[in-house]
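# Notes for the structure review
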Amino acid sequence: MKLLFDLPPNPSLQIVGQTSRFPVRRIFCVGRNYAAHAAEMGNEVDREAPFYFTKSAHSIAPSGAELPYALGTSDLHHEMELVVALGKAGTRIPLQSAHEHIFGYGAGLDMTRRDLQAAAKEKRRPWATGKDFDASAILAPLVPAALLEPIGPRRIALSVNGDVRQDAQLSDMVWSVPELIAHLSTLYTLAPGDLIMTGTPAGVGPVVAGDFIEGQIDGLPPVSLRLLPR
Ligand code: MN
């Protein structure tokens, strides 16, 4: 088949200890998965079911990137998150076997144009422009699950220029990783290459040009971003 033009290479992530890279297919993101973050945004956690938004795989930038402040916003926020990479397909995955679908874990930043997201909420419009934009998913190398299981209680934290802004435990998540996989697979046929960004703890806030943002989850490589003037 002849294509009119070539696209950039398929987005992919480095894997710790491997020369092969992890090809990224889709990025699902979970909203309000930490009660304290939901509260700081003026929301209550929906205990009935998790909800999702998505980012394009082409919105990925690697950890360590130096990037200009995002277009179209004056209120760019950091959101530190655990990223789950799926390595096995499935639909209606039972809770008990959800872990079999996990390839590995990583640290990620769900960068958010909060002003655009707030305007969208106000007008009951989709969050797309607030969440899915160029270099809005900053992703660290993945660690294969076999090297980490169980993911268990771990600290998740983020600092800006060395000041700690987010500091919580993965066990604070309202919906656990297996619960998210089981639920998401009732809505989509999940497949290898899919990522789930599992939501952010409390402490989100604005960043400005010049800031150095670093997020850490115990046992995983850190994720970092340097913001440059646009
Ligand atoms: Mn988020």
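Let me begin by describing the structure that accompanies this report. (Residues numbered from 1 in each chain as written. Predicted model: local features only at pLDDT ≥ 70, side-chain atom pairs only at ≥ 80, totals over all residues. Heavy atoms only, no water.)

### What to know about the pattern of salt bridges
On inspection of all chains with the given rule, the structure shows eight salt bridges. Of the charged contacts, one joins Arg114 and Glu79 as a salt bridge, the two residues approaching to 2.8 Å between their closest N and O atoms. Of the two residues, Arg114 sits in helix 2 (residues 114-122) while Glu79 sits in the loop between strand 7 (76-78) and strand 8 (80-86), which places them 35 residues apart along the sequence. We note that Arg114, like Glu79, is buried. (Salt bridge = Lys/Arg side-chain N within 4 Å of Asp/Glu carboxyl O. Helix = DSSP H or I, 4+ residues; strand = E, 2+ residues; numbered from the N terminus. Buried < 20%, exposed > 50% of the residue type's maximum accessible area, 1.4 Å probe, protein only.)

### Quick look at the packing of aromatic side chains
Applying the stated rule across the entire model yields four aromatic pairs. Here Phe51 and Trp127 contribute two aromatic rings whose centre-to-centre distance is 5.7 Å and whose plane-to-plane angle is 85°, an arrangement assigned as edge-to-face. Of the two residues, Phe51 sits in strand 4 (residues 51-55) while Trp127 sits in the loop between helix 2 and helix 3 (128-131), which places them 76 residues apart along the sequence. A relative accessible area of 27% means that Phe51 is categorised as partly exposed. Residue classification places Trp127 among the buried residues on the basis of a relative accessible area of 18%. (Phe/Tyr/Trp six-rings, centres within 6.5 Å; stacked < 30°, edge-to-face > 60°.)

### Remarks on the environment of Ala98
For Ala98, the position within the fold is in the loop between strand 8 and strand 9 (102-110). Discounting residues that sit within four places of it in the chain, Ala98 has contacts with Ile93, Pro178 and Ile181. (Contact = heavy atoms within 4.5 Å.)

### Quick word on the coordination of the manganese ion
Bound to the manganese ion on the protein side are Glu79 (OE), Glu81 (OE) and Asp110 (OD), at distances that span 2.0 to 2.1 Å. Of the residues examined, Glu79 reaches a relative accessible area of 4% and is grouped as buried. (Donors = N, O, S within 2.8 Å, 3.2 Å for Na, K, Ca; no water.)

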